[in-house]
Amino acid sequence: MQIDKNLGMALNHKHSASDIKDISSTLASPYTYVVYKDGTTYKAIDTLTKTLYASGTDAATVINSAISSAYNTYGGGSVFLRAGTYAITTSVIMISHVWLRGDGMGELSNESTLLQLSTNANCDVIKSYQAQTAQSYGIRVSDLAIDGNKSNQNGAGPYSGINFTAQRWTVSDVIIKNTKGRGVYAGQLSGTNSIYGVVRHCSLNACNYAGIMFDYWTVNMVADHCIVENCGLTGLEAGVISNGPQNIIQNCPQIYGCYRGIDISGYQSGMGTRVWNNVIELIQREGILITDSPDCSIQNNVFLQCSQATNNTYSCINLDGSVAHPIIRTLITGNTFEKSDNNNDTSKYQKYCVEGDNENYNCVSGNMMYSGYATGAISLAGANDVTTPNIT
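Basis of the calculations
- Residues numbered from 1 in each chain as written.
- Predicted model: local features only at pLDDT ≥ 70, side-chain atom pairs only at ≥ 80, totals over all residues.
- Heavy atoms only, no water.
- Salt bridge = Lys/Arg side-chain N within 4 Å of Asp/Glu carboxyl O.
- Helix = DSSP H or I, 4+ residues; strand = E, 2+ residues; numbered from the N terminus.
- Buried < 20%, exposed > 50% of the residue type's maximum accessible area, 1.4 Å probe, protein only.
- Expected span 1.5 Å × (residues − 1).
- Polar contact = N/O pair within 3.5 Å; in protein donor to acceptor, adjacent residues only side chain to side chain.
- Pairing = 2+ DSSP bridges.
- Axes fitted to C-alpha atoms, helices over the stretch in contact; angles between N-to-C directions.
- Core = buried A, V, L, I, M, F, W, Y, C linked by side-chain atoms within 4.5 Å.
- Contact = heavy atoms within 4.5 Å.
- Phe/Tyr/Trp six-rings, centres within 6.5 Å; stacked < 30°, edge-to-face > 60°.
- Lys, Arg positive; Asp, Glu negative; His and termini not counted.

Draft legend 1. How the structure looks around the pattern of salt bridges. A full pass over the atoms with the stated rule returns 8 salt bridges. Here Arg 101 makes a salt bridge to Asp 143, at a shortest N to O gap of 3.3 Å. Within this pair, whereas Arg 101 is found in strand E7 (residues 98-101), its partner Asp 143 is found in strand E11 (residues 140-147), the two being separated by 42 residues in sequence. Given a relative accessible area of 18%, Asp 143 falls into the buried group. Linking Glu 237 and Arg 182 is a salt bridge whose minimum nitrogen-to-oxygen distance equals 2.5 Å. Remark: Arg 182 occurs in the loop between strand E14 (169-177) and strand E15 (184-186) and Glu 237 occurs in the loop between strand E22 (227-229) and strand E23 (238-242); sequence separation between them is 55 residues. Residues Glu 237 and Arg 182 agree in their burial class; the two are buried. Shared partners join several salt bridges into a network, and the residues in it are Arg 260, Asp 263, Arg 285 and Glu 286.

Shown next, in the form of structure tokens:
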């Protein structure tokens, strides 16, 4: 796969040692390129040749130039973004075998390396290189923050913080907030599955659509140790969506305040999804909605105050099958269902802990179902569902 070598190459020139003296401490690092802001100018240093590779007033152009050169010149490498705010006017394009790393994601109000979408940029902040003949492979983004600046985007969108159609990629230790689209989106390209993607130790906040979305034809994706807050409220999507088979959503300490907690759907596309050890709290509708997807595993999660939009309407877990695609062979065990952290609060609570329609051969057993469900603990219609023992 040949990437456009002219991307930013007009900026390629050698400068004197004085041009790079302020990053001398970084030149001995393992990074292939170091990008930093000098006044109103962004600069990229080739740490192997110790020369100024690119400079300019547009951050994305300089970053993309370094990423492109890392791939074309060295077959891959790492591009390090020193601390600072990078105004993004066009998408940062990730290419195979390149790692984009910041100087730390900081706090929501005090980021270390921040990529902030410029007013009316109307694009994804970071996305993978896409062509009809090849996908990106082995890419990584870590240790930075992304601000989608959604209130200042006048396009229809949705524009995501990270949009990957790639294989074997990782996003870790990243804060993504205020996107007009999803926080992290993974999809398909030209009939080829996106596989083995990982979103780990990330915080997704105030995304108009899902915080994390693994779309159709994504396989073996993982969302691990992530915080997803107040996502999906505008686009009416779940905090985390899994539309592909064999995906894993695990160890998320807070899926909070979202339109729906987790959505597993897609005419059997979400089959085999595993949801383990998450806390799902103050959700507008269902904690977990499984639509037409069999063979899922829902284990050791905590559900707290679902159905916030309308009292006694939505359940913590809803197995929503169809005649053509019933929910079958799904295991629901070890979960804790609570009305709230204050059992005297009766203002909002779920309809059932677990309910289903067009489902059969499922097992709901070994769960703690405390008082706080409006209609009953379990409502399943399948003749061969197993619903005992549970503690209610």
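Draft legend 2. Geometry of unusual backbone geometry. With omega at 0°, the peptide bond leading from Gly 157 into Pro 158 counts as cis. One can find Pro 158 in the loop between E11 and strand E12 (162-164). Going from Thr 388 to Pro 389, the amide bond is cis rather than trans, its omega being -5°. Relative to the helices and strands, Pro 389 is located in the segment after strand E40 (376-379). Non-glycine residue Lys 50 carries a positive phi angle of around 55°. Tracing the backbone shows Lys 50 in the loop between strand E2 (41-46) and strand E3 (51-56). In this structure, Arg 329 takes a positive phi of about 55° despite not being glycine.

Draft legend 3. Focus on helix H1 (residues 59-74). The first and last C-alpha atoms of H1 sit 22 Å apart over 16 residues, in line with the 22 Å expected at 1.5 Å per residue. Burial runs high along H1: 13 of the 16 residues are buried. Backbone nitrogen of Ala 60 and a side-chain oxygen of the N-cap are separated by 3.4 Å at the start of H1; the cap is Asp 58. In the stretch just after H1, Gly 75 is the one whose phi turns positive, near 75°.

Draft legend 4. Molecular detail of the sheet that holds strand E29 (residues 288-291). Pairing is parallel in the open sheet, where 11 strands are placed in the order E6-E9-E12-E15-E19-E23-E26-E29-E32-E36-E40. The sheet terminates laterally at strand E6 (92-94) and E40, the two strands that pair on one side only. On average, each strand axis in the sheet is inclined to that of its neighbour by 15°, with strand direction left out of account. As paired elements, strand E32 (residues 317-320) and strand E36 (residues 352-357) share 4 bridges and run parallel to each other. The residue bridging Leu 319 from the neighbouring strand is Gly 356, located in E36.

Draft legend 5. Just the nonpolar core, in detail. Of all hydrophobic cores here, the largest spans 80 residues; its most connected members are Leu 100, Ile 126, Trp 169 and Ile 288. A per-element tally of this core places H1 first, with 7 residues. Beyond its immediate stretch of four places on either side in the chain, Trp 169 contacts Ile 139, Phe 164, Val 184, Ala 186, Tyr 196, Gly 197, Val 198, Val 199, Phe 214 and Met 221. Residues Tyr 185, Ala 210, Met 213 and Ala 238 belong to the second largest nonpolar core, which totals 5 residues.

Draft legend 6. Here's a closer look at the packing of aromatic side chains. Under the criterion given, the structure shown has 6 aromatic pairs. Judged by centre distance (4.4 Å) and plane angle (10°), the rings of Tyr 31 and Phe 80 are stacked. With a gap of 49 residues between them, Tyr 31 in the segment before strand E1 (33-38) and Phe 80 in strand E4 (residues 77-81) connect regions that are remote in the sequence. Each ring, one from Tyr 33 and one from Tyr 74, has its centre 6.3 Å from the other, and the planes form 55°; the classification is tilted. In this pair, Tyr 33 sits in strand E1 while Tyr 74 sits in helix H1, placing the two residues 41 residues apart along the sequence. In this structure an aromatic cluster arises from ring pairing among Tyr 33, Tyr 53 and Tyr 74.

Draft legend 7. The pairing of E7, seen in detail. With burial as the criterion, only one face of E7 is covered, namely that bearing Val 98 and Leu 100; the residues Trp 99 and Arg 101 on the opposite face remain uncovered. As judged from the 4 bridges shared by E4 and E7, these two strands associate in the parallel manner. If you follow Gly 77 over to E7, its bridge partner there is Val 98. Bridge count between E7 and E11: 3 bridges; the pairing is parallel. Residue pairing in the sheet places Arg 101 in a bridge with Ser 142 of E11.

Draft legend 8. Quick look at the side chain of Asp 46. Positionally, Asp 46 belongs in strand E2. For Asp 46, which is buried and forms no salt bridge, the nearest opposite charge comes from Lys 50, at a distance of 8.0 Å. A distance of 2.9 Å separates a polar side-chain atom of Asp 46 from the backbone nitrogen of Leu 48. Of note is the side chain of Asp 46, whose polar atom sits 3.2 Å from the backbone nitrogen of Thr 49.

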